[in-house]
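The primary structure of each chain is shown beneath.
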Amino acid sequence: MDYISLICKIVYILFCLPSHQCEEPNVPSIIPQFPDNVTIPELDCERCLVGKVGVYMNVECIVLGVSKEDLEMKFKLKKNGQDVPNLTVEGSPLYRALYEYMPSEEDTDHTVTCEATIDGQQPKTVSITLIVLRKPSIPTFTLPESIKEGNHAHIICKTFNARPEPRLYFMYNSTTYNTSNSFSKLKDDKTIDAETELENSFSRYDNTRNLTCCVEFREYDKNTPKMKTNCSTSAIDVLFPPKFLQLEELNRVNDDKGNAILLLQCKSDVSNPVSQIRWDITSNVQYNSTQKKERVHELSGYTMTETLSANLTRRNNGETVSCYIENPKFVEIKVIEAYKLNITYKPFISFSPRSPVNTYVGDSASFLCQCDANPPAKMEWLHTPSNKTSKRTKVSIELNMQFHSTGSHNLTCTARNTIGSAENELLILVKEKSSQPTIPSPRPSSPPSGKDNSSSMLIGIICGCLALTIVLIAFGCAIVSKRRKKTRTREGPDNLGGINHGDACVVQKEERQAAKPQTEEGALIYADLDLPAEGSTRVKPTVNLEARTTYVSIDFSSAK
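Everything numeric in this text was worked out from a predicted model, so none of it was measured.

Asks: Even after reading the chapter, I still don't get the environment of P273, so can you show me in this structure?
Replies: Residue position: P273 is located in the loop between β22 (260-268) and β23 (276-281). Distance from P273 to L239, taken between C-alpha atoms, is 6.6 Å for residues 34 residues apart in sequence. Apart from residues no more than four positions distant in its own chain, P273 is found in contact with L239, N327, P328 and K329.

Asks: I tried to follow the nonpolar core on my own but got confused; where do I start?
Replies: Across soluble globular proteins, nonpolar side chains have a tendency to be buried as a group. Core analysis: the biggest nonpolar cluster contains 24 residues, and F34, V59, V63, M73, F75, L77 and L130 have the highest contact counts within it. Where this core is concerned, the elements lending two or more residues are β4 (57-63), β5 (73-79), β8 (95-101), β9 (110-118) and β10 (124-133). Setting aside residues up to four positions removed in sequence, M73 forms contacts with I30, V63, V66, Y95, A116, T117 and I118.

Asks: Where do I start with the packing of aromatic side chains in this structure?
Replies: The geometry of two aromatic rings is summed up by the distance between their centres and the angle between their planes. This model, assessed by the stated rule, comprises 5 aromatic pairs. Ring plane angle 50° and centroid distance 6.3 Å describe the contact between Y345 and F348, whose orientation is recorded as tilted. When its relative accessible area of 2% is taken as the criterion, Y345 is described as buried. Given the relative accessible area of 27%, F348 is considered partly exposed. Above the plane of the ring of F330 lies K148, whose end atom (NZ or CZ) is 4.9 Å from the centre.

Asks: In this structure, what is going on with the state of the cysteines? I would like to understand it.
Replies: Defined simply, a disulfide is a covalent bond joining two cysteines at their sulfur atoms. Enumeration according to the criterion identifies 6 disulfides in this entry. Two residues, C45 and C48, share a disulfide whose sulfurs are 1.3 Å apart. Between C45 and C48, the S-S dihedral sits near -70°, and the bridge is therefore left-handed. Assessed through its relative accessible area of 5%, C45 is described here as buried. A sulfur-sulfur distance of 1.9 Å marks the disulfide that ties C61 to C114. A torsion of -85° about the S-S bond marks the disulfide between C61 and C114 as left-handed. Pair noted here: C61 is in strand β4 and C114 is in strand β9, with a separation of 53 residues, a long-range link. For the residue pair C61 and C114, the accessibility class agrees, reading buried in each case. Cysteine pairing for the protein chain, with bonded cysteines counted in sequence order: 1-2, 3-4, 5-6, 7-8, 9-10, 11-12. Just so you know, C371 is unpaired, no disulfide at all, and the nearest cysteine sulfur is the one on C369, 6.9 Å from it. A relative accessible area of 8% means that C371 is categorised as buried.

Asks: Explain the pattern of salt bridges to me, please; I cannot follow it from the model alone.
Replies: Oppositely charged side chains can form a pair if their charged atoms are brought close together. All told, the structure shown has 20 salt bridges when counted by the stated rule. The residue R167 makes a salt bridge to E216 at a minimum N-O spacing of 3.3 Å. In this pair, R167 is assigned in strand β14 (residues 167-172) and E216 in strand β18 (residues 210-221), connecting sequence segments 49 residues apart. According to the relative accessible area criterion, E216 is partly exposed, its value standing at 24%. K292 serves as the salt-bridge partner of E294, at 3.7 Å between the closest nitrogen and oxygen. Judged by relative accessible area, E294 falls into the partly exposed class, the value being 32%.

Asks: What should I look at first to understand empty space enclosed by the protein in this one?
Replies: To locate leftover empty space, one rolls a probe as large as a water molecule over the atoms. The final tally for this structure, using the stated rule, is 1 cavity of 30 Å³ or more. Here the largest cavity defines a volume of roughly 30 Å³. Taken together, L262, L264, I281, V285, L308, A310, L312, V321 and L341 make up the lining of the largest cavity. Mapped by element, the contributors of at least two residues to the lining of the largest cavity are β22 and β25 (301-312). The dominant element in the lining of the largest cavity, judged by the number of residues it contributes, is β25, at 3 residues.

Asks: Just checking my understanding: could you explain the sheet that holds strand β2 (residues 38-40) for this structure?
Replies: One open sheet holds the 6 strands; their spatial order is β2-β3-β10-β9-β5-β6, and the pairing between them is mixed. At either margin of the open sheet sits one strand with a lone partner, and together these are β2 and β6 (82-83). As paired strands, strand β3 (residues 45-52) and β10 are joined by 4 bridges and run parallel to one another. What sits directly across from K52, in β10, is L133.

Asks: Honestly, the side chain of S275 in this entry has me stumped. Any pointers?
Replies: Relative to the helices and strands, S275 is located in the loop between β22 and β23. Within the local environment of S275, its side chain forms a polar contact with the side chain of S271, the two groups lying 3.0 Å apart. Ignoring anything within four residues of it in the chain, the contact list for S275 reads P242, M304, I325, E326 and N327.

Asks: How should I be thinking about unusual backbone geometry in this particular structure?
Replies: With glycine set apart, most residues show a phi of negative sign, and most peptide bonds adopt trans. Along the chain, S352 connects to P353 via a cis peptide bond; the corresponding omega equals 0°. Summarising the element assignment, P353 is placed in the loop between β28 (345-352) and β29 (357-360). The peptide bond linking S355 to P356 adopts the cis configuration, its omega dihedral lying at -5°. Along the chain, the position of P356 falls in the loop between β28 and β29. Its identity as a non-glycine residue notwithstanding, T208 has a phi of 70°, on the positive side. With respect to the helices and strands, T208 occurs in the loop between β17 (192-201) and β18. The backbone of S300 sits at a positive phi, close to 55°, despite the residue not being glycine. Following the sequence through the fold, S300 ends up in the loop between β24 (286-296) and β25.

The rules behind the values
- Residues numbered from 1 in each chain as written.
- Predicted model: local features only at pLDDT ≥ 70, side-chain atom pairs only at ≥ 80, totals over all residues.
- Heavy atoms only, no water.
- Helix = DSSP H or I, 4+ residues; strand = E, 2+ residues; numbered from the N terminus.
- Contact = heavy atoms within 4.5 Å.
- Core = buried A, V, L, I, M, F, W, Y, C linked by side-chain atoms within 4.5 Å.
- Buried < 20%, exposed > 50% of the residue type's maximum accessible area, 1.4 Å probe, protein only.
- Phe/Tyr/Trp six-rings, centres within 6.5 Å; stacked < 30°, edge-to-face > 60°.
- Lys NZ or Arg CZ within 6 Å of the ring centre and 35° of its normal.
- Disulfide = S-S within 2.5 Å.
- Salt bridge = Lys/Arg side-chain N within 4 Å of Asp/Glu carboxyl O.
- 1 Å grid on protein atoms, 1.4 Å probe; cavity = no way out; pocket = protein on both sides within 12 Å on 5 of 7 lines; lining within 4 Å.
- Points joined across faces, edges and corners; volume = space filled by probe spheres on them.
- Pairing = 2+ DSSP bridges.
- Polar contact = N/O pair within 3.5 Å; in protein donor to acceptor, adjacent residues only side chain to side chain.

In structure tokens form, the structure reads like this:
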């Protein structure tokens, strides 16, 4: 029994009682880690740290479950294998090591390593990639300096140096335009540029309105992504022409003679840019003008008003004054308004032919009374039979008369309108007809036509040629007679008295004055010749009024 009991105690001691051998203390395991890691699939980033250019961040490494109270631990943080200086290490409530970091424009992605060491053990390390994100630039516009109304405009919006990929879109007049985006190639710093385009037309009502371009991108607050948006706006300058002009008379003052002062106003429709008003006046009128520009806020355009002040006379009645628009951006636009001058004045009377008028007894004569008046005047000849009036128009009345005795006569024409009246007299001088053909009193008519002028010219040329021919013949006859005279003088003085010598005869002055020589056929042409006496040596003949004149008659009809 004792033996069995002893065996049982030994077994109990060996297997049931706790061992009293020295055991090594239980040392907790350390696992360093980076708590603020995120995953960004489009950047091929799985569990990495994220930094933003220009923004401070804490790069932090921790060890869970262990504090300074449990054991001593040493930390190192390395950036691309280089120890990070000025490291902050905390041991409570847990071990952590961190440093502040603000990525710059020059920084790129790099590796951060955390190393934790307990005395007597191998250091535990863990590494992570820190990627540097870049916020896209504020969107910039590329659009025409100005856009003409109705024309399509090509507008571009860009953003630069973005990471990750952004999204651009337009907003206008409470409408979002989700236009397609295009991207540049990946740069060395792993950023890209983005661009989007908008094709649209605009009207005058869009002028100065804002067009907005926005860029949408992601930011990360620790491990939570957030969408952010930056926008920029640009005003649209829409050019549009005026559609109409307004021309009106503001005031007109004139006397009964038609001297007037006229005030006109020409106003253009709203336009961008402002239009200029020009005047077109046909005659030489003295005038001055003033202009005024006004802004129309509804359309952000301008109107132009120009006032014209002109001094006019009745001669300007019926003429046209026009105003028109000039716009440097719309040279093809032609907007014109015309105003016809209506100047009122009393009648002014004139006659055709002008006073005084010469006529002859028994001849029919026509007299035209003309009247310039506005409004048209009522015209009449006074103290004349109504049946003598042959033709009447709005501005003239014609009178046909025949006088049977010589003397002077006065014909009176009157005219009257709502402005006033006028009366004028036409003096007629009636003469007795002479034996010579007389020229009848001219009948009022229109100026001679080109055909009449040609006929008159032809008749004048013919008459001139005939006169020249007669003069030349007479001159030739005188020379012939002179030569024959010299010949007969040599033969003897008795041959000079009324004796025929062939076809010519010399007639003494007394005989010529006493009786005209008669011929059977044809007419005789007589010429007074101052011939020198026989034997005279004078070269240049002189005129002696007392000397006898020898007449020579030449019968051309009997000349062979």
